Amino acid sequence: MRELVERRVDSFGPCGKAVRGQRSVTVNLAESPLGWLRARGLVDARQFEAGERLRADYERALLGPSVTMRWDASPRVPGGGTQADDPTVAQIAAKRRFDAAVAAVGQGLSDVLWRVVCAGEGLATAEKALGWPSRAGKLVLGIALDRLADHYRLA
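Here the structure is a predicted model, which is why all the values come from computation and not from measurement.

Once that is clear, we can look at the environment of Asp-99. Within the secondary structure layout, Asp-99 lies in helix H3 (residues 87-105). Along the primary structure Asp-99 and Asp-57 are separated by 42 residues, whereas in three dimensions their C-alpha atoms are 9.5 Å apart.

For the coordinates displayed, the defined rule picks out nine salt bridges. Residues Arg-46 and Asp-150 are paired through a salt bridge, measuring 2.3 Å at the closest nitrogen-oxygen approach. Here Arg-46, found in helix H2 (residues 45-60), pairs with Asp-150, found in helix H6 (residues 136-151); they are 104 residues apart in sequence, far enough to count as distant. Look at Arg-46 and you get partly exposed, because its relative accessible area is 24%. We note a salt bridge from Arg-55 to Glu-52, for which the minimum N-O separation is 2.5 Å. In this pair, Arg-55 and Glu-52 both sit in helix H2, three residues apart, roughly one turn of the helix. Three or more residues joined by partner-sharing salt bridges are found here, namely Arg-46, Asp-146 and Asp-150.

Spanning 12 residues, helix H4 (residues 107-118) covers 16 Å between terminal C-alpha atoms, matching the ideal 16 Å at 1.5 Å per step. Among all positions in H4, only Leu-109, Ser-110, Val-112, Leu-113, Val-116, Val-117 and Cys-118 are buried. Against the buried residues of H4 lie helix H1 (33-39), H2, H3, helix H5 (123-130) and H6. At the exit of H4 stands Gly-120, carrying a positive phi of roughly 75 degrees.

Conventions used here
Residues numbered from 1 in each chain as written. Predicted model: local features only at pLDDT ≥ 70, side-chain atom pairs only at ≥ 80, totals over all residues. Heavy atoms only, no water. Helix = DSSP H or I, 4+ residues; strand = E, 2+ residues; numbered from the N terminus. Salt bridge = Lys/Arg side-chain N within 4 Å of Asp/Glu carboxyl O. Buried < 20%, exposed > 50% of the residue type's maximum accessible area, 1.4 Å probe, protein only. Expected span 1.5 Å × (residues − 1). Contact = heavy atoms within 4.5 Å.

Structure follows, in structure tokens:
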């Protein structure tokens, strides 16, 4: 799905002051930061697949912030279904898979991995939030995605 919008780009002059320019870029709001990196060849197919698996488990486990009360839970009816039908069991299994994957990546690498893959932050935003120098996140994210792919045993 493509959700294209025009965004104005502000540039900075030599003194660090914002200089308003007439430049703009087209941004696809439906594209994830990991998808953006993949489209530009900064992440290979193996790393992308590993990141998408992690994001799927993150979303399936409902670990993201919730804005309102969830109304989708229905009471269980005795004899009405198996445990596989229970969304809570699937949610717990996804949470366990997510925790195991993050633990396999390691403590120092999981921060940028979570920010870019799960929280949907851009690489520059994640670097700034972590207090890293610019362009350091690309290298660290690549290592984290390689470890994640090893955890998932992707070829």
